[in-house]
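# Descriptive analysis of the structure
Read off the chains here:
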Amino acid sequence: MNPTIQDRRQPLPSIVTVYRPIEEYWESSRPAGGPGPEPSEALDPFDAFLVHRLLDLVPRPPILVDAALVPTHGASSLIGLGHPRVRAVWAVTDPGSPPARRVLAAVRGHVRARGHDLAPLKAKAHSELPAGLAEQPGATILTHARAGDGASLAEQVDHWLDAQPEALVLVLGLGRVGDCPAIASLVSHCTPESGKRLRLLRELSEVLMASRLGLIARHDHPHVEDMLLRLQQCYTGNYRYLDLLREVNLAALREARIDADAMRNHPFSWALTVEIDEAKRAAWEAQVALQAAREQLAAVPPVIPRFLVAMRRRLSPTPVATIWRRLRQVRGQLSPMPVATIWRQVKQVRSQLSPTPVGRTYRYGKRVVRAGLTRGRAWARGQGLSGGGQRGGGVTPSHPAGVPAPAHPVTPQAPPDAGGPVRSTNQASRPLAADSGPSTPPAQVALDSGGRGDRIVESGLPRLERLLPLLACPTCRTPVRLQGRALECDGCEARFALHAGRPAFLPGGTAPRIMPVEHLSNEPPRELLDWMTRFNGWILNIGAGGTHVKLENVVEMEYSLFRHTDVAADAHHLPFADGSFDAVVSFNTFEHLSDPERAAAEIFRVLKPGGRLVVHTAFLQPVHEPPHHYYNTTEYGLRRWFRAFEIAGVSVSENFNPAYVIAWLVTDLLRAIEATHGTQARDQLAASSLEFWRAGWEDPARREHPLWDLMRALPQEHQMRYAAGFQLDARKPQEAKSTAA
């Protein structure tokens, strides 16, 4: 191709090309090193790209009405300002709102800096919007679920579409159905009688499942059906694109393996790894100290802020205040001079380096230093806070985004007798029979900041005092009482320490590991989660892991401490009184227990008569979380484990159907073949058919084939994960003890 023609081609939009200008605006608009959320927390990159694609599909060049200016910190306006088809962007603001004025000023400053290739920006008040929309057919309105409560958002949408029937309303920040009040309010307004319809883009294709974007238009809109059909076709059946995406990901994985091997084999890597782990742990402990200091500061009487204001007023006529004002004047005079120009260029270079490894290393080092300084100050003030999360008191510390987590693996590896689970993928479930619980749900405590897990919810002494009547010594079954920072048993005088505000009943008094707050396990099936939310009674969740939502009536038990863990304990020795729970659930845990029958007997003991039990466990699954994967059980083995219960049925839930067996095994085998024999061998295996393997199974003569040889040549560490069986070779010791007992 002629290079001149190639250079003039319009580059195809992607998430990177759409979102990188938003990141540049973000870096230039907020103060250097200043606090604030990351760009992706204000405006999801995938949703920004989908808005960009929908603006491409609008028949006539649109005007983008940005009613999400404040919730997205101005980032939503950048989608339209940089779009080649958008004629203008109307930023909808409230003239009396200081945040709106600040955001609009930041966007206008960015437009002045790069105004030569951006669409014009105009400010519109909410009261002016209906009249302006009436003169602009085909306008696209961008709003956000956090712009107000669900009812007010639905009323605004009604007014907009009544003023301009051909407008499209795009709603950002819609969570899942049932978790987002805005969806419920919009659905109640967008009925067949109202003439409006709500569409969630994630319903168009599996590729769009990560989207939280919704589109609202009138039923008689002339173009919306065609737009959605074209968008759906872009992400359905595009196998060439998916193959390319797979090759790119595989190449990235290969490079990551090379980097990991180089790091692991370097003679000095162990020292660097230890140093990084120590830095992460110090940052985590410093963040714990910072949270405790903030809580103590919040308890300070308001007389101190009033005292500071009074001191500022008294200092105003003094030379100190005069010098301060003079310094601010000098700063304003330096702004157009070369010093300020150099400073702006330094900031521009910094924004360019921000996404590179240099920028990431700089930000990480800065966070570690700040966390260390905060920790040192707290210690110097005599607060006694350096123990961090390992010595939890009444409140569990927060873990804001951007602070390194402790040096633990993302997925827990439980000890041999642990109750710690490993999550299987794609947890969904078939509908369950109606439960006997009432329809009134218990209070549900969701995560702060849109589910980012900035804070562990409902932990500490208030929660522990509610659970105290359920707890008992796992050895003698005697009730325990709270004594200082521990629970004590009056029967055997055992003492169980509190860690991060939660009791630990681990064997030998072992301290549990505190897992990163941002760790999330796969959610339970939606039907089960809905049932647990409606259930009016105590539910024990054995091996809960890092749950997304905290339910007040659910006691979460794990071997390690996750974001919502209530009790750290061993599933073989439950620290609860007899008949304490109305229901017990356990998802993907029993394959990791060394004695499942003992754990089943413990569940039988703590359940009330007539209590319900729901268990998910593995059958045809490859080995995962070694060395603590002990059992894959059949239906008959599962019935034998729980033979003391009245079993209503054993069924295959949707997330355990045979398709997952084939998909899981094939995915892992292809990775093993590629790691052992290379990409060409992997492609040959991927191109083989099920008929080829069926023929080899029925006719042993057909097993003399290179693909069968590839399987035989796999190293033992790979074969152990997917083998049809095992061969055990053993010998009786010379000094063997009698096993007759």
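Computed from a predicted structure; not experimentally measured.

About the cut-offs
- Residues numbered from 1 in each chain as written.
- Predicted model: local features only at pLDDT ≥ 70, side-chain atom pairs only at ≥ 80, totals over all residues.
- Heavy atoms only, no water.
- Axes fitted to C-alpha atoms, helices over the stretch in contact; angles between N-to-C directions.
- Helix = DSSP H or I, 4+ residues; strand = E, 2+ residues; numbered from the N terminus.
- Parallel < 35°, antiparallel > 145°, perpendicular 65-115°, else oblique.
- Left-handed = near helix turned anticlockwise from the far one by under 90°.
- Contact = heavy atoms within 4.5 Å.
- Pairing = 2+ DSSP bridges.
- Buried < 20%, exposed > 50% of the residue type's maximum accessible area, 1.4 Å probe, protein only.
- Polar contact = N/O pair within 3.5 Å; in protein donor to acceptor, adjacent residues only side chain to side chain.
- Right-handed = clockwise from strand over helix to strand, strands pointing away.

## Overview of the packing of helix H2 (residues 15-29) against helix H6 (residues 98-113)
Interaxial distance between H2 and H6 falls to 10 Å at its minimum, and their mutual angle equals 115°. One element, H2, and the other, H6, form an angle in the roughly perpendicular class. Crossing angle aside, the handedness with which H2 passes H6 is right-handed. Between H2, through Tyr25, Ser28 and Ser29, and H6, the contact on the second element is made entirely by Val103, Ala106, Val107 and His110.

## As for the packing of helix H8 (residues 150-163) against helix H9 (residues 181-189)
Two numbers describe how H8 lies on H9: the axes approach to 8 Å, and their chain directions differ by 40°. Looking at the two axes, H8 sits oblique to H9. Between H8 and H9 the crossing geometry is right-handed. Contact residues: Gly150, Ala151, Leu153, Ala154, Glu155, Val157 and Asp158 in H8; Pro181, Ala182, Ser185, Leu186 and His189 in H9.

## Examining the sheet that holds strand S1 (residues 63-66)
Hydrogen bonds between backbone atoms are what pair the strands of a sheet, whose relative direction is either parallel or antiparallel. With respect to topology, 7 strands assemble into an open sheet ordered S3-S2-S1-S4-S5-S7-S6, the strand pairing being mixed. The open sheet is flanked by strand S3 (121-125) and strand S6 (196-200), the only strands paired with a single partner. Ignoring which end each strand starts from, the neighbouring axes of this sheet average 25° apart. Its contacts with the sheet put H8 on strand S4 (140-144), strand S5 (168-172), S6 and strand S7 (214-218), and the angle it makes with S7 is roughly 45°. Sheet contacts for helix H10 (residues 224-234): S5, S6 and S7; angle to S6, the most-contacted strand, approximately 5°.

## Side note on the side chain of Asn553
One can find Asn553 in the loop between strand S14 (550-551) and strand S15 (554-558). For Asn553, a relative accessible area of 7% gives the class buried. Engagement of the side chain of Asn553 in a polar contact is seen with the backbone oxygen of Phe535, the distance being 3.0 Å.

## Here we look at the pairing of strand S18 (residues 607-616)
Along any regular strand the residues' side chains alternate between the sheet's two faces. With 6 bridges joining them, strand S17 (residues 581-587) and S18 adopt parallel strand pairing. Each bridged residue has a counterpart across the sheet, and for Ala583 the counterpart in S18 is Arg612. On the question of chirality, the crossover connecting S17 to the parallel S18 by way of helix H19 (residues 596-606) is right-handed.

Purely geometric stuff here, so don't read any function into it on its own.
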